[in-house]
Structure formats: structure tokens, C-alpha cells
Amino acid sequence: MSHAPSTIEITRPDDWHLHLRDGALLERVVPATARRFGRAIVMPNLVPAVTTVERALAYRERILAACPAGAGFEPLMTLYLTDETPVSEIAAAAKSPHVAGVKVYPRGATTHSSEGVSDLTERGAVLEALASSGLPLLVHGETTDPDCDVFDRERVYLEETLSKVIERYPALRVVFEHITTLEAAEFVRDSPARVAATITPQHLLLNRNAIFAGGLRPHHYCLPVLKRERDRRALLAAATSGDPSFFLGTDSAPHPRAAKEADCGCAGIYSAPVALEAYAEAFASVGALERLEGFASHFGADFYGLPRNTGRVRLIAEPWSPPAFEGDGESALRVFLGGEMLRYRVVD
Ligand code: NCD
Ligand code: ZN
């Protein structure tokens, strides 16, 4: 066992995959991210979806209005790709200083994806426009074939769709979002630098047993669903390898308690309030805390061609336990790792 440091200081991190929602929920969740992270890639799966630059800029204003004063937080906006997205919208997005990527949700793959893309390989004009503009394509990589086993959906999408698109458009920049499998980690590791991946804290810390630990655990249900222990280990190895193709993306996805603990519960884990500490826990578990800064604070900015943050954040070894819920009643939010012991705490 390597010696665990009692304190670690890193450049202020960024979150390269985040759901902030809208309205009252936006106001509740944005402070948790804004107080820790310099920037975040904000996912566009609102209802209605953020399909145009105009909607993205209006959403950005609502996010900024919900940020605590002086947070210095910068939301980086994304467009939601549909089968109807015109090339002109991609061009407008590439020109906007506030739009950082275009998100593809395979239609029906996850929360609010019914307007998503039916077949990415048929979106040639848009993919060419993205490739020539340099704007990254952010991919929820799961097949929507209902006959495909839910645990195989990422691997099958990679084989049948994503690998082909990446090969066909050699200038296309891709973030394979929230990867969950050994196959995805190996694919990104072996791809050129234009292909990167985000990894969530839950996929580094948990395997699929967590969904069934002593009973059904709806708050451990997210998409792509947690996988096997061999996959978790491969993701943890990738995240702590120092390979700049892997960086932090929490996929923090709040749903009110009543929508999670339901007959047909929503997918999504709300991790924003404990995200950095959760990643520290994962890195500490393999004695790799010295690699946290690259993953959390350097590699994502480098990939997106943005300057690294200048602020600093300090974590100290001091066991603590986050609250299980934020808020009360049906609208309470279950906090990831709430009630568990964490080894590191951020010093405010
Ligand atoms: C996300 C959400 O709730 O918006 N849910 C999730 O389980 N990750 C959508 C997504 O990123 O798939
Ligand atoms: Zn997401």
C-alpha cells in the first residue's frame, strides 16, 4: 500500500458532463457544482430539448442567474442533436463562444431522449460539419435495440455505430460519455487523441451488485447501468493511468425522490454535492491521488482547447459522512454516498 497523503491541493476542477435541469430544480442544484468546479459541460436534455443555439444561450442565462454571487462558474453549453438538426445550426454553434459541443442521444436511450437521433450513421452532413468545425460530438453510447441485453448496450453501440463513425470521419472529435465497460476504456485508450471519454464517480466506485445490495436500490440506477467488477476495475485503471483521454464527468443527474422510488423509476444519480470527494475516494483506493489533478483539472480543458483553471482546491484526509438527502418529502434529492464514510473532505 502506498502512503496516503494527509492533504492534497489541485487546480480547481471542471465537470465535463453535468445535468442541471431547469426552473426550481436548477436553482436547488447549481450551487453544489458552482462552489467546487470552474466550468461544466451542461447537458441539453431538457423538455423541450436544447436544440438550438438560441435556446442554449437562454438556458445559459438562467443558469448564471441561479449561481451564487461571486461563484465564478462558467456553464459550457451543448446542443441536443435531432434527426432534423440543420448544418446551419452546427455552424452557428461552432461560432458561439458559449457552445462547447453537440450531444447525441440515441432515440429512447435515456432520460428525455425521445427527440434524439434515430441512426447516427445517417447524419452525414452534420458529422462532416462537426468534423470540419472542430466542435466535439458528445456521445451517449448505448444501442436502443430493445432485444439487446441492457448490460451489453454500450459494447454493442461501440461495435455497431460509434467505432464506424469515428473511422469514417477522421477529423471528428468525440467524447464517449460516461463510459462503463472495459471494452470502452480499451477503445478510447487505443484511439487517437481526438477520441476521449468521461468517467463518473459511481462507475469508479460501484459495480452492479450495488443495485441489488440487500434489496432493490433505485438510487444506484443510472444509465448506462453499472456493470461488472471487471469493468469497474478497468475504468479505475484508465482514470488513474495519467492518460489524458480520460477525464472527469460526473453525470450528476438529479431526480426528485418520488421519481426515483417509483413503479418505473428514473435513471440518474445525484452526485454534485460530493463529486470531488467521491473521485478522491476512488483514486485513494488504488493509491493514485497524485493522478487526480490531471483527470479532474487538466485533461478535459486540454481536450476542449480551453485554458486550465487558475484557482486551487484543497482536500484533507478527514473522514466525514455526507447527508443522505437534500430537502424533504417527495422532492428530496438522494445524495450519492450520503450516509457513507468518505476519507477526504474539501476545505472551504
Ligand atoms: C441522465 C438524466 O437523468 O438526465 N440519467 C442518467 O442515468 N445518467 C441522462 C443520461 O446521461 O443518460
Ligand atoms: Zn448524462
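Preceding this section is the structure that the text describes.
Residues numbered from 1 in each chain as written. Chains lettered and ligands numbered in written order. Predicted model: local features only at pLDDT ≥ 70, side-chain atom pairs only at ≥ 80, totals over all residues. Heavy atoms only, no water.

Notes on the pattern of salt bridges
Next, step 1: Under the counting rule described, the total for this entry stands at 20 salt bridges.
Next, step 2: A salt bridge links R155 to E159; its shortest N-O distance comes to 3.2 Å. Taken together, the residues span about one helical turn, with R155 and E159 both in helix α5 (residues 153-168) at a distance of four residues.
Next, step 3: Residue class for E159 comes out partly exposed when judged on its relative accessible area of 47%.
Next, step 4: Each member of the salt-bridge network shares a partner with another, and the members are E9, E293 and R312. (Salt bridge = Lys/Arg side-chain N within 4 Å of Asp/Glu carboxyl O. Helix = DSSP H or I, 4+ residues; strand = E, 2+ residues; numbered from the N terminus. Buried < 20%, exposed > 50% of the residue type's maximum accessible area, 1.4 Å probe, protein only.)

Some details on the coordination of the zinc ion (ligand 2)
Ideal values differ by geometry: the angle at a metal is 109.5 degrees with four tetrahedral donors, but 90 or 180 degrees with six octahedral donors.
Next, step 1: Distances from the zinc ion (ligand 2) to its protein donors, namely H17 (NE2), H19 (NE2) and D251 (OD), fall within the range 2.0 Å.
Next, step 2: One way to put it: the four donor atoms around the zinc ion (ligand 2) meet at angles of 91 to 141°, and that makes the site irregular.
Next, step 3: Donor residues binding the zinc ion (ligand 2) come from one chain and are separated in sequence as H-x1-H-x231-D. Taken together, the residues H19 in the loop between β2 (15-18) and α1 (23-34) and D251 in the loop between β9 (246-248) and α9 (257-260) connect sequence positions 232 residues apart.
Next, step 4: D251 gets classed as buried once you look at its relative accessible area, which sits at 6%. (Donors = N, O, S within 2.8 Å, 3.2 Å for Na, K, Ca; no water. Tetrahedral: all angles 85-135°; square planar, octahedral: opposite > 155°, others 65-115°.)

Quick word on the packing of aromatic side chains
The geometry of an aromatic ring pair comes down to the distance between the two centres and the angle between the two planes.
Next, step 1: This structure, assessed with the given rule, holds eight aromatic pairs.
Next, step 2: Between Y80 and Y105, the aromatic rings sit 5.3 Å apart at their centres with planes inclined by 40°, giving tilted as the arrangement. Residue Y80 is found in strand β4 (residues 74-80), and its partner Y105 is found in the loop between β5 (99-104) and α4 (124-133); the two are separated by 25 residues along the sequence.
Next, step 3: The buried category is assigned to Y80, whose relative accessible area is 1%.
Next, step 4: Judged by centre distance (5.6 Å) and plane angle (80°), the ring pair of F303 and Y304 falls under edge-to-face.
Next, step 5: Ring-pair connections join several aromatic residues into one group, and the members of that group are W16, F247, F303 and Y304.
Next, step 6: Over the ring of F303 we find R173, and its NZ or CZ is 4.2 Å from the ring centre. (Phe/Tyr/Trp six-rings, centres within 6.5 Å; stacked < 30°, edge-to-face > 60°. Lys NZ or Arg CZ within 6 Å of the ring centre and 35° of its normal.)

Quick look at the sheet that holds strand β7 (residues 174-176)
Next, step 1: Spatial strand order, β2-β3-β4-β5-β6-β7-β8-β9: eight strands in an open sheet with parallel pairing. Among the strands making up the open sheet, the edge pair consists of β2 and β9. Neighbouring strand axes in the sheet, compared pairwise and without regard to direction, differ in orientation by 30° on average. (Pairing = 2+ DSSP bridges. Axes fitted to C-alpha atoms, helices over the stretch in contact; angles between N-to-C directions.)

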